[in-house]
Every structure is written in structure tokens, then in C-alpha cells.
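Chains, contacts and geometry: an overview
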Amino acid sequence: MQNGTAIQLLGLQKRYGVLTAVQSLDFSVQRGEIFSLLGPNGAGKSTTIAMLSCLLSPTGGDARLMGHSIQSDPRAVKSMIGVVPQEIAMYEDLSGRQNLLFWGRMVGLRGDRLKRRIDETLDLVELTDRQHDCAGHYSGGMQRRLNIAIALLHEPQIVILDEPTVGIDPQSRRKILDGVKELNRRGVTILYTTHYMEEAQELSHRIAILDHGRLIAQGTHAELVKMVGGQSRIRLTLSRKPAGLLAMWRTLPGVHSVSEENGAASLLVKDSTLVLPTLFESAARANVQVNAMELQEPDLEAVFLHLTGKALRD
Ligand SMILES: Nc1ncnc2c1ncn2[C@@H]1O[C@H](COP(=O)(O)OP(=O)(O)O)[C@@H](O)[C@H]1O
Ligand SMILES: [Mg+2]
């Protein structure tokens, strides 16, 4: 990893009327790092990204990208970042290559350099063989990859991707994750947002967990998982929504937290072998069947549950 700070947030804040979407964020991303912002929907990831990309003015604080302030030097900031927004933006009636030609000229590329950059970015996102097809006929995943190629044309030192794998096929998802790693191997600093903890875990050197616009934890995967100590996570799929049962489970000794999602209960417990018999007994007494049980090693989901008392998934 190269030395120095690539991105530094200094009390960055965004208020919408009474709602504070982003609450005074302070964290930094080192050069050469893949850094993930992990958080559920509505956590403030896109708002943070929009401010770092100079598309949205903060209501407080500042951020520096390669030393340049988003408040006082947005032009310099924009020249060194490539942003892949959550919403896909392209001309659907142009081919992939024509889109890249258009957007490349928009950022001042011409001639051989433009051609070379188009070939390189198409290769990185694996769209070379489909470059002459109409972008409107691409699958969602291919459109997302074209958007990534567009963001890379001007060889940015920092690439910011906002949930680039949501709603796309597994093959495109794989290509995007591999492309991000390859970019990083070439020295590009990556800021990646996601609500999938598996992606944050696979990609990141470090992770910041965001909830309700607030940074609730940051560190390497190993450091974060250490926060839940020796606890494990149990997921029980229940036959019906159990009135009172979950509330009772919360009061059991050795149970740290209980959350419910789509008929399944997630529990963070100290020692599963001690707690499980009680859980099954009390479920039986309440006439609730346990249809499935999963026992998981401490992971980022457990960290989130530990810190917020709720599940990371929607
Ligand atoms: N333009 C806006 N006006 C009012 N509230 C907004 C606006 N944009 C986002 N929000 C709110 O700010 C919060 C954070 O949103 P967002 O940054 O999109 O979260 P995420 O990207 O993590 O899902 C949400 O509660 C959202 O409803
Ligand atoms: Mg978002």
C-alpha cells in the first residue's frame, strides 16, 4: 500500500430539514486501500458519496481527497475521482463503445489516448466482445459494468462505487468484484459502499459500519469481528410470528440481542450450547415450531446485531 491519506472526512454532515442523513462523519481512507462503507438502506451511504463527489453540498464539515477540499476545490477533487453512482446513467440507443467515446470526450480525452483508454476499460469490465451492441439491450449487470468503465476513462486515482452489485446477475457481480480488486492491484484507491456484508468482507482492507448516518464502528474485518467476542449468532426459522416469545428470549441470561426478519429470529448469544435447549423448550411451550436452525461464526452481521440490536439485512 502506498503511504498517505487518500480521503479524509472532517465532521462531514448533511441535514435535510429535521432529518440528519449524515451525522458528522470522521474517518479516512489510506492510499491504495479498498475501504467499504457498510450499512443498511437509508444509512446515509449515497448521501456521503454524493458529498465526496461534489454533487451535493454538505451542511457541515468538510472532506479532503488527495488533499483537496470538496468545499473550496471541487474541480481538483472531481479530476481525481471516478464515481459509479447507484443509478445507471448512459445513452441506451448508443453502443457501449459509442457511450465510452461520448463520455471520454466529455472528460477531455481525444485521439489515441481515448481509444487506448476505451480498450483498456472495456477489457477490465469484460465487455470487449459486446462493445458494438446497443447499450439499451445490455442486461442490468452489463449496463452497470459499462457505467464502471465510463467512470474509469480518465484514469482516476480514487474510484468510488455506490452499491454496484445491487439487483444484478451473479456473473456480473463476480466480474465487478474481480474488476475492483484488479483496479486496486494497479494502485487505485477504492471507496465501496454496500449493504452486503459478504462483499465488504471479501473486498476490503478496512470497513466502516454506518447506521442512521452515524459511524458505529470501523476497522479490519478481524478487528470488527473481535468486538462481538466469543459470541455466536443463531438464526431460527419459526413457524409463525411468536407474540411475546422474542421478548422473553431477550431476557434470558447469555442472550445479548434478538432481532426478527421475515419470520426468522436472529440471536447473538454467549454460548449457544447453553442457550439452545431453553430456546427450543420455550418455543414448544408457545406452540411455535422451529423449522430451521443455522449457527454462524461471528461475522459482520453479528457485529451489526451486537452494536444496534437489529439485523443488517432489510
Ligand atoms: N433529497 C433528500 N431529501 C430528504 N431526505 C433524503 C434525501 N436524500 C436522502 N434522504 C434521506 O437520507 C437518509 C440517507 O439516505 P441515503 O444516503 O440514500 O442512504 P443509503 O444510500 O445508505 O441507502 C435516508 O433516510 C433518506 O430517506
Ligand atoms: Mg444508497
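Scroll up to find the structure this text is about.
Below is a short write-up of the structure.

Quick notes on the rules
- Within each chain, residues carry numbers counting from 1 in the order of the written sequence.
- Lettering for chains starts from A, numbering for ligands starts from 1, and both go in the order in which the items are written.
- Reporting of local features is limited, given that this is a predicted model, to residues whose pLDDT is at least 70; pairs of side-chain atoms are given and counted only at 80 or more, and all residues count toward the totals for whole chains, interfaces and linings.
- Runs of H or I in DSSP of at least four residues are treated as helices and runs of E of at least two as strands, each being numbered from the N terminus.
- Think of it as a crowd count around each C-beta: if 20 or more other C-beta atoms lie within 10 Å the residue is buried, if 12 or fewer it is exposed, and in between it is partly exposed, with C-beta placed from the backbone throughout.
- Whether two residues are in contact is decided by their C-beta atoms, placed from the backbone, lying within 7 Å.
- What makes two strands pair is DSSP finding at least two bridges between them.
- Simply put, an axis is a line fit to the C-alpha atoms, just over the touching stretch for a helix, and the angle between two N-to-C directions goes from 0 to 180 degrees.
- Only the C-beta atom matters for this test: placed from the backbone, it must lie within 6 Å of a molecule or strand for the residue to be near it.
- The classification used treats Ala, Val, Leu, Ile, Met, Phe, Trp, Tyr, Cys and Pro as nonpolar, Asp, Glu, Lys and Arg as charged, and all other residues, Gly among them, as polar.
- In this scheme, roughly parallel covers angles under 35 degrees and roughly antiparallel covers those over 145, while 65 to 115 is roughly perpendicular and the rest are oblique.
- Helix crossings get a hand from a simple test, with the near helix turned counterclockwise from the far one by less than a right angle marking a left-handed crossing and a clockwise turn marking a right-handed one.
- What the arc covers is the set of directions going from the helix axis to the C-beta atoms.
- Among buried residues, those of type Ala, Val, Leu, Ile, Met, Phe, Trp, Tyr and Cys that are joined through C-beta atoms within 7 Å form a set called a nonpolar core.
- The source of the domain bounds is an automatic or database domain assignment.

Looking at the overall build of the chain
Secondary structure summary: the chain contains 11 helices and 15 strands in total. In terms of overall dimensions, the chain has C-alpha extents of about 75 × 40 × 40 Å along its principal axes. In the chain, buried positions account for 39% of the 314 residues. Here the contacts in the chain between residues at least 6 apart in sequence split such that 71% fall between residues at least 24 apart.

A word on the sheet that holds strand β8 (residues 158–162)
Read from one edge to the other, the open sheet built from six strands follows the order β7-β8-β9-β4-β10-β11, with strand pairing classed as mixed. Each edge of the open sheet is held by one strand with a lone partner, namely β7 (81–84) and β11 (214–219). Each adjacent strand pair in this sheet contributes to an overall mean axis angle of 15 degrees, direction not counted. Taken together, the four bridges between β7 and β8 define a ladder with parallel strand orientation.

So, the site of ligand 1
The full set of residues close to ligand 1 is Tyr16, Leu19, Ala21, Gly39, Asn41, Gly42, Ala43, Gly44, Lys45, Ser46 and Thr47. Looking at the shell around ligand 1, the elements that each hand over two or more residues are β2 (19–25) and α1 (45–52). Broken down by element, the shell around ligand 1 gets its largest block of residues, three residues, from α1. The residue makeup of the shell around ligand 1, split by class, is four nonpolar, six polar and one charged.

Observations concerning the packing of helix α5 (residues 140–152) against helix α6 (residues 170–185)
Interhelical geometry of α5 versus α6 gives an angle of 20 degrees and a closest axis separation of 9 Å. The angle between α5 and α6 falls in the class roughly parallel. Between α5 and α6 lies a crossing whose hand is left-handed. Residue-level contacts link Gly141, Met142, Arg144, Arg145 and Ile148 of α5 to Gln171, Ser172, Arg173, Lys175, Ile176 and Gly179 of α6.

Details of the environment of Gln8
Inspection of the secondary structure puts Gln8 in strand β1 (residues 5–16). With 18 C-beta atoms packed within 10 Å, Gln8 lands in the partly exposed category. A sequence separation of 258 residues divides Gln8 from Ser266, and the C-alpha atoms of the two residues are 35 Å apart. Not counting residues within four places of it along the chain, the set of residues in contact with Gln8 comprises Ser28, Ala63 and Arg64.

Notes on the sheet that holds strand β14 (residues 264–269)
Strand order across the open sheet formed by four strands is β13-β14-β12-β15, with antiparallel pairing between neighbours. The strands lining the two open edges of the sheet, one partner per strand, are β13 (255–261) and β15 (290–296). When the angles between neighbouring strand axes are averaged without regard to direction, this sheet yields 20 degrees. Here strand β12 (residues 232–238) pairs with β15 via six bridges, running antiparallel. Note on β15: the bridge partner recorded for Leu236 is Met293.

Details of helix α3 (residues 96–106)
Burial in α3 covers these residues: Gly96, Arg97, Asn99, Leu100, Trp103 and Gly104. Buried residues of α3, viewed axially, fall in a sector of 155 degrees; they line one side. The exposed residues of α3 that point more than 90 degrees off its buried face are Arg105 and Met106. On the buried face of α3, the contacting elements are α4 (111–124) and α5. Of the residues one or two after α3, Gly108 is the one with positive phi, at around 90 degrees.

Examining the nonpolar core
Formed by 80 residues in total, the largest nonpolar core has its most connected members in Leu65, Ala149, Val159, Ile160 and Ile190. Per element, the largest residue contribution to this core is seven residues, and it comes from α5. Counting the residues that make up this core, at least three belong to each of domain 1 (5–225) and domain 2 (230–297). Setting aside residues no more than four positions away along its own chain, Leu65 makes contact with Ala6, Ile7, Leu52, Ile70, Val77, Met80, Ile81 and Ile158.

Any functional reading would require information that these geometric values do not contain.
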